[in-house]
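Chain residues, written in single-letter form:
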Amino acid sequence: MKTVVVIGALGMMGQAALSGLTRHKVVTASRSGKGCDFQVDITNKDSLRKLFESVGEFDAVVNTVGHCEYAPFQEMTSDQWATTIQSKMLGQINVVHVGLEYIKDGGSFTLISGILNMKPVPQAIADATTSGAIDTFVKCVAHELPRGIRINVVNPTVLEEAMDVYGDMLRGFQPVPGALVGKAFERSVDGFVTGQVLFVDA
Ligand SMILES: NC(=O)c1ccc[n+]([C@@H]2O[C@H](COP(=O)([O-])OP(=O)(O)OC[C@H]3O[C@@H](n4cnc5c(N)ncnc54)[C@H](OP(=O)(O)O)[C@@H]3O)[C@@H](O)[C@H]2O)c1
């Protein structure tokens, strides 16, 4: 059994991740902290330090947080780009940069991207761009991680549980159950792969 810190645990993707981590000791966190063990803001490195110091020893971090703004490219404001980059891209990079100071030898990080960098749709340019950035970050930074620490990213298509939110934007997409996406998180945490983009598509 490993101790796994799951950030964004009560979100739709967090719930999918938890379904694959049932045999581990899970410590949960989110921005509001509601219903979770801890509060954290991944856009703030001090907040992440406080989280990891409070948790104590842990073997893995699973981050399912990455807020994205949606608009047609020509209407996207600088603020919308900045918000998305601060959360989905830099926020996740913060998780790894700060988490490295605390995670155990042989530990692992698992991040979140999303299928829209492979299958673009209107309105989702910021999500697609930052998902692509995170896929690249993971493939490249894996070579620089010390102490046998691994890193992977789960790149799923839309969840069945999220179709009421994203269904209109994702016409022609076949959703997958959260439990299937949970298996990819499980492979990342329990396996030996590193630097991998774990696609889950229908
Ligand atoms: N849903 C899908 O079908 C799907 C498919 C592929 C990829 N994704 C990607 O998965 C990620 C999560 O999506 P979701 O659908 O799970 O969203 P969600 O249901 O809205 O959940 C978001 C979670 O993130 C937390 N959060 C937001 N900002 C945070 C911050 N700065 N620091 C810490 N926690 C923060 C929220 O906490 P509070 O509630 O406490 O604020 C909540 O737990 C996104 O990047 C999305 O693109 C989603």
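Going by the structure above, here's the rest.
The structure displayed is predicted, hence computed values, not measured ones. (Residues numbered from 1 in each chain as written. Predicted model: local features only at pLDDT ≥ 70, side-chain atom pairs only at ≥ 80, totals over all residues. Heavy atoms only, no water.)

Looking at helix α1 (residues 12-19)
Okay, so step 1: Every buried residue belonging to α1 is among M13, G14, A16 and A17, and all of these are buried. Taken end-on, α1 shows its buried residues confined to a sector of 160°, consistent with a single buried face.
Okay, so step 2: Along its buried surface, α1 packs onto β4 (60-63), β5 (108-112), β6 (150-156) and α6 (178-190). (Buried < 20%, exposed > 50% of the residue type's maximum accessible area, 1.4 Å probe, protein only. Helix = DSSP H or I, 4+ residues; strand = E, 2+ residues; numbered from the N terminus. Arc of directions from axis to C-beta. Contact = heavy atoms within 4.5 Å.)

Remarks on the pattern of salt bridges
Okay, so step 1: The final tally for this structure, using the stated rule, is ten salt bridges.
Okay, so step 2: Taking the shortest distance from any N to any O, the salt bridge between K88 and D127 comes out at 3.4 Å. Separated by 39 residues along the polypeptide, K88 in helix α3 (residues 78-99) and D127 in helix α4 (residues 125-141) bring together distant segments of the chain.
Okay, so step 3: Residues participating in the shared-partner salt-bridge network are D46, R49 and E101. (Salt bridge = Lys/Arg side-chain N within 4 Å of Asp/Glu carboxyl O.)

Digging into the sheet that holds β4
Okay, so step 1: The parallel open sheet is built from seven strands, whose spatial order is β3-β2-β1-β4-β5-β6-β7. With one partner strand each, in any of the chains shown, β3 (38-39) and β7 (196-200) form the two edges of the open sheet.
Okay, so step 2: The pairing of β4 with β5 spans three bridges and is classified as parallel. If you follow V62 over to β5, its bridge partner there is T110. (Pairing = 2+ DSSP bridges.)

Thoughts on the environment of L21
Okay, so step 1: For L21, the position within the fold is in the loop between α1 and β2 (25-30).
Okay, so step 2: Residues L21 and R187, spaced 166 residues apart in sequence, show a C-alpha to C-alpha distance of 9.8 Å.

Details of unusual backbone geometry
Okay, so step 1: Backbone geometry at Q123 places phi at a positive 80°, although glycine is not the residue there.
Okay, so step 2: Among the structural elements, Q123 can be located in the loop between β5 and α4.
Okay, so step 3: Backbone geometry at R147 places phi at a positive 55°, although glycine is not the residue there.
Okay, so step 4: Structurally, R147 is set in the loop between α4 and β6.

With respect to the side chain of N152
Okay, so step 1: Here N152 is to be found in strand β6.
Okay, so step 2: The class of N152 is buried, set by a relative accessible area of 0%.
Okay, so step 3: At 3.2 Å, the side chain of N152 forms a polar contact with the side chain of S188.
Okay, so step 4: For N152, the residues in contact, after removing those within four places along its chain, are F109, T110, L111, V138, S188, V193, T194, G195, Q196 and L198. (Polar contact = N/O pair within 3.5 Å; in protein donor to acceptor, adjacent residues only side chain to side chain.)

Re the packing of helix α2 (residues 45-55) against α3
Okay, so step 1: For the pair α2 and α3, interaxial distance at closest approach is 10 Å and the crossing angle is 50°. Relative to α3, the element α2 is oriented oblique. For the crossing formed where α2 meets α3, the hand is right-handed. Mapping the contact onto sequence places K45, L48, R49 and F52 in α2 and N94, V95, H97, V98 and G99 in α3.
Okay, so step 2: Of the residues assigned to the contact of α2 with α3, the class counts are four nonpolar, three polar and two charged. (Axes fitted to C-alpha atoms, helices over the stretch in contact; angles between N-to-C directions. Parallel < 35°, antiparallel > 145°, perpendicular 65-115°, else oblique. Left-handed = near helix turned anticlockwise from the far one by under 90°. Nonpolar A, V, L, I, M, F, W, Y, C, P; charged D, E, K, R; others polar.)

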